[in-house]
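Chain and residue survey
The chain contents come next:
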Amino acid sequence: MGKKGIILAELIFLVSFTFALTLTEPLPTYNLGDKMYVSANGIKGADYGNFKIDLLCGNTTINIVKIPAIAFPTDKPSDYVHPYKILDEEDLEIANLSNIVGNCQLMCSIGAETTSTKSFLISDRVSLTSTLDKTNYNPGEPITIKVGATKANGDLLNGIVEVTGATEFNKAITDGSMMNTFSMPDSAEPGLYYLNVSAYDSGSNGKMNQGSTVSSFEINQVATSIVISTSKNEVTPGDEFTIGAEIFDQSGKKMDGVVTANITSPSGESFSL
């Protein structure tokens, strides 16, 4: 073999054993509690130090993989595949999940060699929609509310819906959907009412992913009672007397408006005032 051939063979040999440490890119968005799969390629072992993968979120660094570098061969590139890490308190061994909410990166290192992924988002947000079957109701009439909930990663929420304000109740939400029917009391005052709607799933330390919205509806004013008064209990033909009428709504408040009174004589004749 000529000198040129020997040089070429040496180059091929060196290229064949070039190590390029890489990390698999994560998904663009995760919610708290999601599974994050982690893998690395091109790992070159060493007699000292550690192979590490860290989760970096703002000023918080969490080690999620730490293996002695001696566990990997030094003469050929190796791969590492971790099934997944769960983004919760137990698996990450952290006390406050809010520390990892925001833009994050994965960083891998072994010896002096390091590599990192692109930035991705870890979120605790849930997008909520809340709709009512009507905008106006009479007191005592059934009111139906529908709630839709989707996490930032696009998954439908399974958790709890809490409603406060005009009424209060808690109800499970399954596959991002919940419906409930309630009614206001028969004596509810007319006017605008608000429903504060929140939804969440839970971790060991309480609410994990959550969101909120507000809905409103109006209760109509309904004439419920009328009080009639006269200036005299007995009158003779030709005498003058006065008639008064007051109308009250369902809550007992006096209503403004026009009243028509029908007077009927003992013989059945009637006329209106």
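Residues numbered from 1 in each chain as written. Predicted model: local features only at pLDDT ≥ 70, side-chain atom pairs only at ≥ 80, totals over all residues. Heavy atoms only, no water.

1. What to know about the overall build of the protein
Secondary structure assignment for the protein yields 2 helices and 21 strands. Radius of gyration (C-alpha) of the protein: 37 Å, far over the 19 Å computed for a compact globule of 273 residues. Dimensions of the protein, computed from C-alpha atoms along their principal axes, come out at roughly 140 × 40 × 25 Å. Every one of the 273 residues in the protein was classed for burial, and the buried ones make up 32%. Counting every atom, the protein has about 16400 Å² of accessible surface; 51% of that belongs to carbon and sulfur. With 18 positive and 31 negative side-chain charges, the protein shows a spacing of 14 Å between the two charge centroids. (Helix = DSSP H or I, 4+ residues; strand = E, 2+ residues; numbered from the N terminus. Rg over C-alpha atoms; globule rule 2.2 N^0.38 Å. Buried < 20%, exposed > 50% of the residue type's maximum accessible area, 1.4 Å probe, protein only. Areas by Shrake-Rupley, 256 points an atom, 1.4 Å probe, with all protein chains shown as cover. Lys, Arg positive; Asp, Glu negative; His and termini not counted. Charge placed at Lys NZ, Arg CZ, Asp CG, Glu CD.)

2. What about the side chain of Lys 151?
Within the fold, Lys 151 resides in strand 12 (residues 142-151). Although Lys 151 is buried, it makes no salt bridge; Asp 34 carries the closest opposite charge, 4.0 Å away. (Salt bridge = Lys/Arg side-chain N within 4 Å of Asp/Glu carboxyl O.)

3. Quick look at the sheet that holds strand 1 (residues 22-23)
Spatial strand order, 1-3-6: 3 strands in an open sheet with antiparallel pairing. Where the open sheet ends on each side, the last strands, each with one partner, are strand 1 and strand 6 (78-86). Across 2 bridges, strand 1 lies against strand 3 (residues 35-43) in antiparallel orientation. Of the residues in strand 3, the one forming a bridge with Thr 22 is Asn 41. (Pairing = 2+ DSSP bridges.)

4. Comments concerning the side chain of Asp 201
Tracing the backbone shows Asp 201 in strand 16 (residues 191-203). Here Asp 201 is buried and forms no salt bridge, its nearest opposite-charge partner Lys 151 lying at an N-O distance of 4.1 Å. A polar atom in the side chain of Asp 201 sits 2.8 Å from the backbone nitrogen of Asn 209. Residue contacts for Asp 201: discarding those within four places in its chain leaves Lys 151, Leu 157, Asn 158, Gly 159, Gly 206, Lys 207, Met 208 and Asn 209. (Polar contact = N/O pair within 3.5 Å; in protein donor to acceptor, adjacent residues only side chain to side chain. Contact = heavy atoms within 4.5 Å.)

5. So, the environment of Thr 74
Mapped onto the elements of the fold, Thr 74 is located in the loop between strand 5 (60-68) and strand 6. The exposure class of Thr 74 is partly exposed, given its relative accessible area of 43%. Separated by 187 residues in the primary sequence, Thr 74 and Ala 261 have C-alpha atoms spaced 104 Å apart.

6. Observations concerning the sheet that holds strand 10 (residues 126-132)
Spatial strand order, 10-12-15: 3 strands in an open sheet with antiparallel pairing. Pairing within the sheet leaves two strands with one partner each, and these edge strands are strand 10 and strand 15 (177-183). The average angle at which neighbouring strand axes cross in this sheet is 20 degrees, direction not considered. As paired elements, strand 12 and strand 15 share 7 bridges and run antiparallel to each other. Residue Gly 148 lies in a different strand from strand 15, and its bridge partner there is Ser 177. (Axes fitted to C-alpha atoms, helices over the stretch in contact; angles between N-to-C directions.)

7. What about the pairing of strand 10?
What you see with strand 10 is a clean split: Val 126, Leu 128, Ser 130 and Leu 132 sit on the buried side and Ser 127, Thr 129 and Thr 131 on the side with no burial. Direction of pairing for strand 10 relative to strand 12: antiparallel, over a ladder of 7 bridges. Paired with Ser 127 across the strands is Thr 150, a residue of strand 12.

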